[in-house]
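This is what each chain is made of:
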Amino acid sequence: MKRLKQVVMGLVTAMTLFAGSLSGFSAPVTAQAATTNASTTVNLKAKAGIAVDAKTGQILYDKNSDKVLPVASMTKLLSIYLVLDAVHSGKLKWDQKITINKATAKVAQDTNLSNVPLRAGHQYTVKSLYQASLIYSANGAIEALGTAVAGSPHAFVTMMRAQAKKLGMTNAKIYNACGLTNKQVGKLGYSNEAGSAENEWSAADQAKLAVALLDKYPEVLKTTSIKKMWFEKGKADATKMENWNWMLKGLSASYSKLHVDGLKTGTSDAAGANFTGTANNDGNRIVTVVLHAAHKSETDPSRFQQTQKMMSYVYNNFKTVNLKAGSQVAGSKTVKTNDAKQPTAKTVLTDGLKLWIRNDQVASNVQSTTTLKHKLTKNKALEAPVAKNTQVGTANISLKGDQLGFLGNTKTTTVPLKVTQTVEKANVFVRIWRSIVALF
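Residues numbered from 1 in each chain as written. Predicted model: local features only at pLDDT ≥ 70, side-chain atom pairs only at ≥ 80, totals over all residues. Heavy atoms only, no water.

- The chain is annotated in an unreviewed UniProt entry as serine-type D-Ala-D-Ala carboxypeptidase from Levilactobacillus angrenensis.
- The UniProt entry for the chain carries the following text under Catalytic activity (unreviewed entry): "Preferential cleavage: (Ac)2-L-Lys-D-Ala-|-D-Ala. Also transpeptidation of peptidyl-alanyl moieties that are N-acyl substituents of D-alanine."
- The heading Pathway (unreviewed entry) in the UniProt record of the chain holds the text "Cell wall biogenesis; peptidoglycan biosynthesis." (UniProt positions renumbered as here; feature names shortened; annotations may be inferred.)

Encoded structure:
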């Protein structure tokens, strides 16, 4: 029955997207070029949405991104972050086998939910459960992994809540590892919470999570980009998993000019249809989040259509400015010195930075202010002596006229600054003379 549904879904989705393309979806181009007929707005048909740069968190589109809403199975990206933490720290190993308890098996055996049919008392590898969680959104699989990481479902939720705070997800309400309602997870849930309680946070919070996950564990894309895979092939629990992300290349909602390789869908009665997407066009990776798009049926492709709108809008209407390591930015080219031979010292960016500007803007829109390390300053200036290439502070970089800023409700992003030459201390006679002159 599930296979038949997916075939029907694919046909309906393909027809819907084809019709949509005829009605005016704009084709994206590379971030370095503009088109004359690109749409300059996004009529996003969803309760909330956001598009950001995957590295800096620069916000490129925003609609109600701070509104707290149910996120359903997009929750699994937070759980996967903690699973990958455990793997990298050695707490879990990919070939380690996990024994399934009765409560988890009961969730996994529910055919009304997205699952692979885990059986109580049977063992499955961490790797297979990880793949099932990301590719097939298997609820029982991620619950089993959470228990393996923390010792119990509730202990894992405590870890999730703590990690959410670390990532700046200030609005998160978390009840389980998978995104189902408290009632649906049965004994894995909380007896003192309403059965309807489910995980909630904002589109901005989801973007923070996705950016952090891609930054720390980019290997997650190797799994989220898999279109089809067998779970336990040749065994009693064998299940053919087909990725719920229909925007992957060759699937029903794919679009040849958008190179989508992740990340995670989420669907529930309260959440509607959600999707956290990521695309990498010409080396420019973005993350998009759609919360509560239409979900009129299991074949409704609305969340992917809305994602396509946002992604196309970004790639059509923005270009990137690359600030290389060693370059200078207006506002942070020099810093004042104290007791040095020279009154100022030249500074450059220690690291490179990529920023997006609209096609009608120029690179000079990039501006900066400087914050010096307190321990290196005196009288609000850089205290000599300072060795060449010492990191002396940060360039706080922003764009003129930008109203969206960056994730975390900030208008700037920071890059370390270093001095290009040794800042030598002036001799005692020069310092005395300057003190005398200052009196007058």
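Still more ground to cover, so stick around.
1. Some points on the packing of helix H2 (residues 76-89) against helix H5 (residues 139-150)
Reasoning step 1: The geometry of H2 relative to H5 is characterised by a closest axis approach of 10 Å and an angle of 40° between their N-to-C directions. Classified by the angle their axes make, H2 and H5 are oblique. Both H2 and H5 take part in a crossing whose hand is left-handed. Contacts from Lys76, Ser79, Ile80, Val83 and Ala86 of H2 reach H5 at Asn139, Ile142, Leu145 and Val149.
Reasoning step 2: Of the residues in the contact of H2 with H5, the class split is six nonpolar, two polar and one charged. (Axes fitted to C-alpha atoms, helices over the stretch in contact; angles between N-to-C directions. Helix = DSSP H or I, 4+ residues; strand = E, 2+ residues; numbered from the N terminus. Parallel < 35°, antiparallel > 145°, perpendicular 65-115°, else oblique. Left-handed = near helix turned anticlockwise from the far one by under 90°. Contact = heavy atoms within 4.5 Å. Nonpolar A, V, L, I, M, F, W, Y, C, P; charged D, E, K, R; others polar.)

2. Considering the UniProt feature "domain: Peptidase S11 D-Ala-D-Ala carboxypeptidase A C-terminal" (unreviewed entry) in the chain
Reasoning step 1: The feature "domain: Peptidase S11 D-Ala-D-Ala carboxypeptidase A C-terminal" (unreviewed entry), as annotated in UniProt, sits at residues 318-425 in this numbering.
Reasoning step 2: Secondary structure across residues 318-425 divides into 0% helix and 47% strand, with the first and last C-alpha atoms of the span separated by 46 Å.

3. Some details on the packing of aromatic side chains
Reasoning step 1: Within this structure, the stated rule accounts for nine aromatic pairs.
Reasoning step 2: An angle of 80° between the planes, with centres 5.9 Å apart, marks the rings of Tyr313 and Phe318 as edge-to-face. Pair check on accessibility: Tyr313 and Phe318 agree, each one buried.
Reasoning step 3: Cation over ring: Lys127 sits above Trp94, and NZ or CZ is 5.2 Å from the ring centre. (Phe/Tyr/Trp six-rings, centres within 6.5 Å; stacked < 30°, edge-to-face > 60°. Buried < 20%, exposed > 50% of the residue type's maximum accessible area, 1.4 Å probe, protein only. Lys NZ or Arg CZ within 6 Å of the ring centre and 35° of its normal.)

4. Notes on the pattern of salt bridges
Reasoning step 1: With the rule as written, the count across this model stands at nine salt bridges.
Reasoning step 2: For the salt bridge of Arg119 with Asp237, the shortest nitrogen-to-oxygen distance reads 2.9 Å. Here Arg119, found in the loop between helix H3 (102-108) and strand S5 (123-125), pairs with Asp237, found in the loop between strand S7 (228-231) and strand S8 (239-242); they are 118 residues apart in sequence, far enough to count as distant.
Reasoning step 3: For Arg119, a relative accessible area of 31% gives the class partly exposed.
Reasoning step 4: Residues Lys173 and Glu200 are paired through a salt bridge, measuring 4.0 Å at the closest nitrogen-oxygen approach. Of this pair, Lys173 sits in the loop between helix H6 (153-166) and strand S6 (200-201) while Glu200 sits in strand S6, placing them 27 residues apart in sequence.
Reasoning step 5: By relative accessible area, which is 22% here, Glu200 ends up partly exposed. (Salt bridge = Lys/Arg side-chain N within 4 Å of Asp/Glu carboxyl O.)

5. Focus on the sheet that holds strand S2 (residues 59-63)
In a beta sheet, neighbouring strands are held together by backbone hydrogen bonds and run either parallel or antiparallel to one another.
Reasoning step 1: The strand order across the open sheet formed by five strands is S2-S1-S11-S10-S9, and the pairing between neighbours is antiparallel. Looking at the sheet topology across the chains shown, the edges are occupied by S2 and strand S9 (260-268). For this sheet the average axis-to-axis angle between neighbouring strands, irrespective of direction, equals 10°.
Reasoning step 2: Helix H9 (residues 302-317) rests against strand S1 (46-53), S2, S9, strand S10 (272-281) and strand S11 (284-293) of the sheet, and its axis sits at about 145° to S11. (Pairing = 2+ DSSP bridges.)

6. A word on the nonpolar core
Reasoning step 1: Counting residues in hydrophobic clusters, the biggest one holds 98 residues, and the most contacted among them are Ile50, Val116 and Val220.
Reasoning step 2: Within the second largest apolar cluster, 14 residues are counted, among which are Val321, Ile357, Ala395 and Val415. (Core = buried A, V, L, I, M, F, W, Y, C linked by side-chain atoms within 4.5 Å.)

7. Side note on the side chain of Asp237
Reasoning step 1: Look at Asp237 and you get buried, because its relative accessible area is 4%.
Reasoning step 2: A polar side-chain atom of Asp237 sits 2.9 Å from a polar atom in the side chain of Arg119.
Reasoning step 3: Look past the residues within four positions of Asp237 in its chain and what remains in contact with it is Pro117, Arg119, Tyr124, Phe231 and Glu232. (Polar contact = N/O pair within 3.5 Å; in protein donor to acceptor, adjacent residues only side chain to side chain.)

8. Examining H6
Reasoning step 1: Taking 1.5 Å per residue, 14 residues should reach 20 Å; H6 reaches 20 Å between its end C-alpha atoms and fits that length.
Reasoning step 2: When H6 is considered as a whole, its buried residues turn out to be Pro153, Phe156, Val157, Met160, Gln163 and Ala164. With its buried residues spanning 125° around the axis, H6 presents them on a single face. Every exposed residue of H6 that faces more than 90 degrees away from the buried side is listed here: Lys165 and Lys166.
Reasoning step 3: Next to the buried residues of H6 lie H2 and H5.
Reasoning step 4: Two residues or fewer past H6, Gly168 is found with a positive phi of approximately 80°. (Expected span 1.5 Å × (residues − 1). Arc of directions from axis to C-beta.)

9. What about the environment of Leu355?
Reasoning step 1: Locating Leu355 in the fold gives a position in strand S15 (residues 353-358).
Reasoning step 2: On the basis of relative accessibility, which here comes to 0%, the residue Leu355 falls in the buried class.
Reasoning step 3: Remark: the alpha-carbon pair of Leu355 and Ala210, spanning 145 residues in sequence, is separated by 19 Å.
Reasoning step 4: Discounting residues that sit within four places of it in the chain, Leu355 has contacts with Gln58, Lys319, Thr320, Val321, Leu323, Val366, Ile397, Leu399, Phe406 and Thr413.

10. Quick look at a nonpolar patch on the surface
Reasoning step 1: Taken together, Trp433, Ile436, Val437, Leu439 and Phe440 make up a surface patch of nonpolar side chains, about 650 Å² in accessible area.
Reasoning step 2: Here Trp433 lies in helix H10 (residues 428-439). (Patch = residues over 30% accessible without salt bridge, like charges linked within 9 Å, V, L, I, M, F, W, Y side chains within 5 Å. Areas by Shrake-Rupley, 256 points an atom, 1.4 Å probe, with all protein chains shown as cover.)

11. A look at the packing of helix H4 (residues 126-135) against H5
Reasoning step 1: Interaxial distance between H4 and H5 falls to 8 Å at its minimum, and their mutual angle equals 135°. Here H5 runs oblique to H4, going by the angle between their axes. Like other packed secondary-structure pairs, H4 and H5 cross with a definite hand, here left-handed. Contact with H4, carried on its side by Val126, Leu129, Tyr130, Ala132 and Ser133, involves Ala141, Ile142, Ala144 and Leu145 of H5 and no other residues of that element.

12. A closer look at the environment of Ala144
Reasoning step 1: If you trace the backbone, Ala144 turns up in helix H5.
Reasoning step 2: For Ala144 and Asn101, which are 43 residues apart along the polypeptide, the C-alpha to C-alpha distance reads 8.2 Å.
Reasoning step 3: Among residues more than four places away in sequence, those in contact with Ala144 are Ile98, Ile100, Thr104 and Leu129.

13. Regarding the confidence of the model for the chain
Reasoning step 1: For the chain, per-residue confidence averages 90 on the pLDDT scale, and 90% of positions sit at 70 or higher.
Reasoning step 2: Long-range and interchain partners of residues 1-5, a stretch whose pLDDT sits below 50, account for eight contacts in this model, where long-range means more than four residues apart.
Reasoning step 3: Across residues 11-37 the pLDDT falls below 50, and counting only partners more than four positions away or on other chains, this stretch makes 53 contacts in the model. (pLDDT = per-residue confidence, 0-100.)

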